Amino acid sequence: MNRSGLPLFLAILLLFTTFSIAQNPLVTNQFTADPTARVFNGKIYIYPSHDVPCGEGQGFIGFCMPDYHVFSSENLTDWQDHGVILSHNTVPWVEPDSYRMWAPDCVFTNGKYYYYFPAEAPEKINGKGRRIGVAIADKPEGPFTPEPNFMAGIYGIDPNVFMAKDGKAYIYWADSRVIYGAQLKPNMLELATLPIPIKIKGIGNGKFIEGPFVFERNGQYYLTFPYIPETTEQLVYSLGANPLGPYDYKGVIMKESPIKCYTNHQSIVDYNGQSYLFYHHNDLSPKFDKNRSIMADSLFFNPDGTIQEVIPSLRGVGISRAESQIQVDRYSSKSEEGVSVSFVDSLNTFKGWKVKLNEKDSWISYNKVDFSKAGLKKVVINEKSAAGSNFEIRCGGLNGPVLAKVSVEKSTEWKQSEVKLEKYLTGVHDLFIVSTRQTAVELDWLMFK
Ligand code: FUB
């Protein structure tokens, strides 16, 4: 390629990247938050917000959110980043460089995709210009054209739009610790009713509420939202007989973040027969919780419609292809003792994690690896061990058949070793990696070929 073609080529690459990631977090090359997942045309689309590290004097209390990307996938493993769809500097009514593009949503109706996003307007009320705009597209990934002005009658953040089965559309948002709701006109751009605060009976005296997400299931309406009972946000839900309430508080969907992320933010969708919770924690930035990362885990309803608590996992929901780099540090389960996970490079967390098996018989498992590609006869492992070590890859259980016996040479540098498989597999299997020597070994990824 000649030199003049290179910048354009790179720009296109950066705009539309595809990546394969079956684990949590779902995006590891940038920070993402507030994931609203939607199913359009048989694909799952995620509309998150986008955190960036703040420059001098930028943003609001550490949040710097300049623009929005859209991600899509057909299998929850292969994702496409469709690039930036809106920025604080491209929407006519948004204050330039305000860095307050909070949690968005997108719905399909009237043959169009309506994208709702909160941002900062230059005109302030009590020092804040929290308004909600709409942008419209013919395709779920855009291009989106923003309306020239924000929506009249709404002051707040975190819009969520619920399309009821009877064709009515409702919009919800949060302001000053209250969730508001109103019906939308069929044009999807104006309120048809005056906003009302949504009544949530039995919620208690928690400190904060934001991020509404409403859906309907078996005739019941679910109002889900992040709620702070004491220190950081839990994801909770309430049930009601009408979209605008009143709702009855029902309980916790996900407890406070184990790594103390102050915010969380949820959406719940059904995709190919399974319900999923999309949420965020700050896994790629454990020391600074305003640089967040979106995650997904399976969600289950009880027969009476109540929701089972979701425990955040590293493993996530995607099926890993055996021939892809399998990030075993995002394990499904592990031995009680002897396993530790840390960043490969703590100065660049986007390089991901590694797992260390510290002693003999320590183990991790990694579920759902798809061996349907023919001819996989070897495994390549990115590994290191200062003293040298041994481990086995077993299949289906801790004491399952041995797939490979790996002997790791002494090295303080990462090395890739290639080992012949003892057994060839087809179908989807759970892997167990078990240390067979007392000395420690570190693993970054493994890949079958
Ligand atoms: O991402 C910024 C804000 O944090 C969102 O608008 C809230 O829901 C919370 O996640």
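Here the structure is a predicted model, which is why all the values come from computation and not from measurement.

**Student:** Is there a simple way to think about the state of the cysteines in this case?
**Tutor:** Cysteine pairs can be covalently joined through their sulfur atoms, and such a bond is termed a disulfide. The tally for this structure, following the rule as stated, stands at one disulfide. Between the sulfur atoms of C54 and its disulfide mate C64 the distance is 2.3 Å. Across the S-S bond linking C54 and C64, the dihedral sits near 120°, which makes this disulfide right-handed. Pair noted here: C54 is in the loop between β3 (43-49) and β4 (67-73) and C64 is in the loop between β3 and β4, with a separation of 10 residues, a long-range link. Judged by relative accessible area, C54 falls into the partly exposed class, the value being 33%. According to the relative accessible area criterion, C64 is buried, its value standing at 0%.

**Student:** Can you walk me through the sheet that holds strand β11 (residues 169-175) in this structure?
**Tutor:** The strands making up a sheet are joined through hydrogen bonds of the backbone, oriented either antiparallel or parallel. Taken together, four strands build an open sheet; the order of strands is β10-β11-β12-β13 and the sheet is antiparallel. Looking at which strands have only one partner, the edges of the open sheet turn out to be β10 (157-163) and β13 (196-197). Pairing of β11 with strand β12 (residues 178-184) involves seven bridges; the strand directions are antiparallel. Bridge pairing in β12 places W173 opposite Y180.

**Student:** How do you make sense of the domain arrangement of the protein chain when you look at a structure like this?
**Tutor:** Accessible area lost during the coming together of the parts is what is often quoted as the interface size. If you check the domain split of the protein chain, you get domain 1 (8-299) and domain 2 (320-448). Averaged C-alpha coordinates put domain 1 and domain 2 at centres separated by 36 Å. Of the roughly 920 Å² buried between domain 1 and domain 2, counting both surfaces, carbon and sulfur atoms make up 56%. The interface formed by domain 1 and domain 2 contains one salt bridge. Taking the shortest distance from any N to any O, the salt bridge between R321 and D78 comes out at 2.8 Å. Summed over the shared surface of domain 1 and domain 2, the result is four residue pairs in polar contact (both at pLDDT 80 or more). Its residues assigned to classes, the side of domain 1 that touches domain 2 shows five nonpolar, seven polar and two charged.

**Student:** Explain the site of the ligand here, please?
**Tutor:** Neighbouring the ligand are the residues D34, M65, W102, A103, I157, D158, E210, T263, N264, H265, H280 and R292. The side chain of D158 places a nitrogen or oxygen atom 2.4 Å from an oxygen atom of the ligand. At a separation of 2.8 Å, an oxygen atom of the ligand approaches a polar side-chain atom of H265. Surface burial for the ligand is 97%, taken as the share of its 270 Å² of free accessible area covered by protein chains. Of the residues contributing to the shell around the ligand, the split by class is four nonpolar, four polar and four charged.

**Student:** What am I meant to see in the confidence of the model for the protein chain here?
**Tutor:** In low-pLDDT segments, the atomic positions of the prediction should not be examined closely. Overall, the prediction assigns the protein chain a mean pLDDT of 95, with 97% of residues at 70 or greater. Predicted confidence is poor over residues 1-6, with pLDDT under 50, and the contacts of this stretch with residues over four places away or in other chains come to two contacts.

**Student:** Looking at this structure, how should I read the packing of aromatic side chains?
**Tutor:** In this structure the tally under the stated criterion is 29 aromatic pairs. With a centroid separation of 4.6 Å and 40° between ring planes, the pair formed by F108 and Y113 is classed as tilted. With a centroid separation of 6.2 Å and 20° between ring planes, the pair formed by Y222 and Y237 is classed as stacked. Of this pair, Y222 sits in strand β17 (residues 220-228) while Y237 is found in strand β18 (residues 234-240), placing the two residues 15 residues apart along the sequence. Assessed through its relative accessible area of 0%, Y222 is described here as buried.

**Student:** Help me understand the sheet that holds β3, please; the structure alone is not making it clear to me.
**Tutor:** With respect to topology, five strands assemble into an open sheet ordered β1-β5-β4-β3-β2, the strand pairing being antiparallel. Two strands close off the open sheet at either side, each with one partner strand: β1 (17-20) and β2 (33-40). This sheet shows a mean twist of 25° between the axes of neighbouring strands, independent of strand direction. Bridging between β1 and strand β5 (residues 78-87) involves four bridges; their strand directions are antiparallel. Counterpart to T17 in the pairing with β5 is D81.

What counts and what doesn't
Residues numbered from 1 in each chain as written. Predicted model: local features only at pLDDT ≥ 70, side-chain atom pairs only at ≥ 80, totals over all residues. Heavy atoms only, no water. Disulfide = S-S within 2.5 Å. Helix = DSSP H or I, 4+ residues; strand = E, 2+ residues; numbered from the N terminus. Buried < 20%, exposed > 50% of the residue type's maximum accessible area, 1.4 Å probe, protein only. Pairing = 2+ DSSP bridges. Domains from an automatic or database assignment. Buried area = accessible area lost by both parts, 1.4 Å probe. Salt bridge = Lys/Arg side-chain N within 4 Å of Asp/Glu carboxyl O. Polar contact = N/O pair within 3.5 Å; in protein donor to acceptor, adjacent residues only side chain to side chain. Nonpolar A, V, L, I, M, F, W, Y, C, P; charged D, E, K, R; others polar. Near = heavy atom within 4 Å. Areas by Shrake-Rupley, 256 points an atom, 1.4 Å probe, with all protein chains shown as cover. pLDDT = per-residue confidence, 0-100. Contact = heavy atoms within 4.5 Å. Phe/Tyr/Trp six-rings, centres within 6.5 Å; stacked < 30°, edge-to-face > 60°. Axes fitted to C-alpha atoms, helices over the stretch in contact; angles between N-to-C directions.

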